[in-house]
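Descriptive structure summary
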Amino acid sequence: MQASAKSHCWLVFVISLKDAVTRRGSIVRQCRRYGIEPIITDAVDGRHGLPQEMEYRIDRSMALRRVGRTISDAEFACALSHHFIYRRILEEGLPGAVVLEDDAILTEAFSTFYAEKGYLAADLVQMDYINARVYRWGGQTKADVALMRLAANADLTTGYSVSSTMAQYLVEHAIPIAGVADWPCDVTPLGPLVTFPSIVKHPPFDPNTSSLEGYRLQQKQAATTTQGRSERWKRFATRAYWKHWWFKHILTKKIS
């Protein structure tokens, strides 16, 4: 399927489970409203266990050490789904692409940003996020959208643009996958930006209706309850603590 009237813009890929008929219909209608013909790609399905042929692409023990909790098969599947988009960008010789998940909620600002190629501002432009920490200085504006430089990885992969340069970086640094889709490796060396505010939205997180979110919440709570607190005061005597304090309170700020 080819891009429509806006063929001069990057292609828009939508990651969606094969049986997510309602979600697919919703995101296609939203895209077409803005003159975009999205390319639907089948997500890796890990709801009933990760396909055996995918095991060599992940590292479960490393993920446990890096993230501090057990990563579910569904989370690995989500990360792999995004990984295959990056590989496709490289294999097809694309300059980059916009990537959406099928529950994305597009805004008018997204439409303008896309049409005016705001994504060319950086190798990665994250359009939806939570837990985003940005540098206090050095922002810019593209297509009437404020852009701020990420100081650390921000959560969520609901909507973002990725250049071929970033796609190559992610392919080289994220296999075997040892983390969640958002993000499987440190993306900050390539100067990623976030839109401010988000120009792609997501439905409210509900652990009662989302098995993925429910699992994440359970694992985070379990990790928190097992952490020792008796010697936390010792951190004040370390150089690393004050370096982090300077980074957190002087150089950067949290915007979500």
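In this report, we go over the structure that sits alongside the text. Throughout, a residue's number is its position along its own chain's written sequence, starting from 1. Note on the predicted model: pLDDT of at least 70 is required for a residue's local features to be given, and 80 or more for side-chain atom pairs to be given and counted; whole-chain, interface and lining totals, by contrast, use all residues. Excluded from the side-chain calculations are hydrogens and water; all other atoms, namely the structure's heavy atoms, are used.

1. Focus on the packing of aromatic side chains
The cut-off we apply is this: Aromatic rings from Phe, Tyr and Trp, with only the six-membered ring used for Trp, were paired whenever their centres fell within 6.5 Å, and each pair was classed as stacked if the ring planes differed by under 30 degrees, edge-to-face if by over 60, and tilted otherwise. Put simply, DSSP marks the helices as runs of H or I at least four residues long and the strands as runs of E at least two long, and each gets a number from the N terminus on. Each residue's exposure class comes from its accessible area (1.4 Å probe, protein chains only) as a fraction of the maximum for that residue type: buried when under 20%, exposed when over 50%, partly exposed otherwise.
Across all of its chains, the model carries 4 aromatic pairs by this definition. Centre to centre, the rings of tryptophan 10 and tyrosine 119 are 4.3 Å apart; their planes meet at 25 degrees, and the pair counts as stacked. Highlighted residues: tryptophan 10 in the segment before strand S1 (11-16) and tyrosine 119 in the loop between helix H4 (108-115) and strand S5 (124-126), separated in sequence by 109 residues. Using a relative accessible area of 9% as the deciding quantity, one classes tryptophan 10 as buried. Given the relative accessible area of 1%, tyrosine 119 is considered buried. The interplanar angle of 75 degrees and the centroid separation of 4.8 Å between the aromatic rings of tyrosine 160 and tryptophan 183 together place this pair among those described as edge-to-face. With tyrosine 160 in strand S9 (residues 159-163) and tryptophan 183 in the loop between helix H5 (164-173) and strand S10 (193-196), this pair connects stretches of sequence that are 23 residues apart. Neither residue differs from the other here; tyrosine 160 and tryptophan 183 are each classed as buried. Each member of the aromatic cluster is reached from another via a ring pair, and the members are Trp10, Phe110, Tyr114 and Tyr119.

2. Brief notes about the pairing of strand S2 (residues 39-42)
Residues in a regular strand project their side chains so that they alternate between the two faces of the sheet. Just so we agree on the cut-off: A pair of strands is labelled paired if DSSP reports no fewer than 2 bridges between them. Look down the strands so they point away from you; if the path from the first strand over the helix to the second goes clockwise, the crossover is right-handed.
Going residue by residue along S2, you find Ile39 and Thr41 tucked away on one face and Ile40 and Asp42 left uncovered on the opposite face. Pairing of S1 with S2 involves 4 bridges; the strand directions are parallel. Looking across to S2, one finds that serine 16 is bridged to aspartate 42. For the crossover from S1 across helix H1 (residues 21-33) to S2, the handedness is right-handed.

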